[in-house]
Amino acid sequence: MHSERTDVLVVGGGPVGVFLAALLATRGLDVRVWERRAEPPAGSRAIGIHPPSLDAFAAIGLDTPVLAEAVLVRAGVARSRGRTLGSLSFDHASPTHPYVATLDQHRTEALLRARLDATAPAALCTGTTLTALNRHPDHVDAAGTGPDGAVVTVRAAFVVGADGARSTVRDLLGIGTTGRDYPDRYVMGDFADPEDPSDRSAALVDVGPDGVVESFPLPGGRRRYVALVSETSTGTGTGTGTGTGTGRDGSPDPATAARLAEIVTARTGIEPDPSTCTMTSTFGVRRRTAERVGVGRVVLVGDAAHEISPIGGQGMNLGWLDAAELAPLLAGAVRTGVAGPWPGHADRRQAVARRAARQAEVNMALGRPLGPVTAVGREALLRTVLSLPTAHGLARLYAMRWA
């Protein structure tokens, strides 16, 4: 049996957990990360990195390497039925980063892991699954299984659950969730970018009467397409960013790629080449909020605390900003020996998540199919809103300046 002590055990070695661990290590804390996956990160999945997250990345020197690889999206363009309704510039969305960066999630995770490894080389423990938590007034004992199946244990001053929407930490604490499932179903895929060169640094949103098609540029001359489809077209996948439509080895599903390309062409006139597709996924959407964000010395962050629709690209960023606010609280508690609770932190982060969830709901509503007359009304509304002098406020909203 392997046993050790640490200041903070982070359960979940995805982008949120590794970022939190790197923040804590930079502050001089001893930290461990238990990540159940043994293999390196793969796939594009979440791609949007908003200005507040880039600001937070600066604390661990991650902003520069991320920006060196990412595409900088400086504008969003709304279209319908082959016509441009208006555009939204991010020039004034942030004083430090007047854009939204897009980068494949596996590359963001790899850069995060590199930063953690540079500060705390032994921190990340892959292939390690949490199985038990025992809370005490001044510490938490955690048990799990390592990559060889042996039992591993650690005694930590604090434990953070960054283990996603199906959080084991949350389940072990007995914390329930509230929320709802939405009827919306989406299919997405990454293709060689077929858009006009003048649009290749822009996010494009087509809100035609048959349902929304969104697209975002990616490094390497690729573009992510996301289309709303009927429930019967997508299988049964549910949950944020999860579902079906991907090969067993992570490769794109040819039938899904062809169907998505047909949808994009039918609704927008743009013709993605299915043979260039590098990723496909179909997914449903749900909203979940943990009834509590922690118990004693155990705290939840990211999707473990609040799961929202991926439409709008806010979920991963919410987790990073949870981590950025929690890190100094944990560092102070470790140094002084005085633990939380921190009700102000919990209230603020859940309030931010509720606002993000409402914004995602608006985004979904704007993309649902409409009859001809109502669709014309939606087009007129978007033309008006995007032409107003106050449109820069909308850009700040979408860039998460409020988070």
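Everything that follows concerns the structure shown earlier in this document.
Residues numbered from 1 in each chain as written. Predicted model: local features only at pLDDT ≥ 70, side-chain atom pairs only at ≥ 80, totals over all residues. Heavy atoms only, no water.

### Notes on the sheet that holds strand β7 (residues 100-102)
Turning to step 1, where the next piece is worked out: Across the sheet, which stays open at both edges, the 3 strands sit in the order β3-β7-β4 with antiparallel pairing between neighbours. The open sheet has two edge strands, β3 (48-49) and β4 (71-73), and neither has a second partner.
Turning to step 2, where the next piece is worked out: Pairing between β3 and β7: 2 bridges, direction antiparallel. Its bridge partner lying in β7, Gly 48 is registered against Thr 102. (Pairing = 2+ DSSP bridges. Helix = DSSP H or I, 4+ residues; strand = E, 2+ residues; numbered from the N terminus.)

### A short note on the packing of aromatic side chains
Turning to step 1, where the next piece is worked out: Counted according to the given criterion, the structure contains 5 aromatic pairs.
Turning to step 2, where the next piece is worked out: With a centroid separation of 4.8 Å and an interplanar angle of 75°, the aromatic rings of Phe 57 and Trp 320 are classed as edge-to-face. Placement of Phe 57 in helix α2 (residues 51-57) and of Trp 320 in helix α7 (residues 315-336) is noted, with a sequence separation of 263 residues between them.
Turning to step 3, where the next piece is worked out: On the basis of an interplanar angle of 35° and a centroid distance of 6.0 Å, the ring pair of Phe 158 and Trp 342 is categorised as tilted. Taken together, the residues Phe 158 in strand β11 (residues 151-161) and Trp 342 in the loop between α7 and α8 (343-366) connect sequence positions 184 residues apart.
Turning to step 4, where the next piece is worked out: Grouping aromatic residues by their ring pairs yields a cluster made of Phe 19, Phe 57 and Trp 320. (Phe/Tyr/Trp six-rings, centres within 6.5 Å; stacked < 30°, edge-to-face > 60°.)

### What to know about helix α1 (residues 15-26)
Turning to step 1, where the next piece is worked out: Between its first and last C-alpha, α1 extends 16 Å over 12 residues, near the 16 Å set by a 1.5 Å rise per residue.
Turning to step 2, where the next piece is worked out: By the criterion of burial, α1 is predominantly enclosed, with 11 of the 12 residues buried.
Turning to step 3, where the next piece is worked out: Taken as a whole, α1 has its buried residues at Pro 15, Val 16, Gly 17, Val 18, Phe 19, Leu 20, Ala 21, Ala 22, Leu 23, Leu 24 and Ala 25.
Turning to step 4, where the next piece is worked out: Two residues or fewer after α1 comes Gly 28, characterised by a positive phi angle close to 90°. (Expected span 1.5 Å × (residues − 1). Buried < 20%, exposed > 50% of the residue type's maximum accessible area, 1.4 Å probe, protein only.)

### Some points on unusual backbone geometry
Turning to step 1, where the next piece is worked out: In this structure, Arg 45 takes a positive phi of about 40° despite not being glycine.
Turning to step 2, where the next piece is worked out: In this structure, Arg 45 sits in the loop between β2 (31-35) and β3.
Turning to step 3, where the next piece is worked out: The backbone phi angle of Met 400 is positive, close to 65°, even though this residue is not glycine.
Turning to step 4, where the next piece is worked out: You can see Met 400 is positioned in the segment after α10 (391-398).
Turning to step 5, where the next piece is worked out: Looking at Met 400, the relative accessible area reads 0%, which means it is buried.

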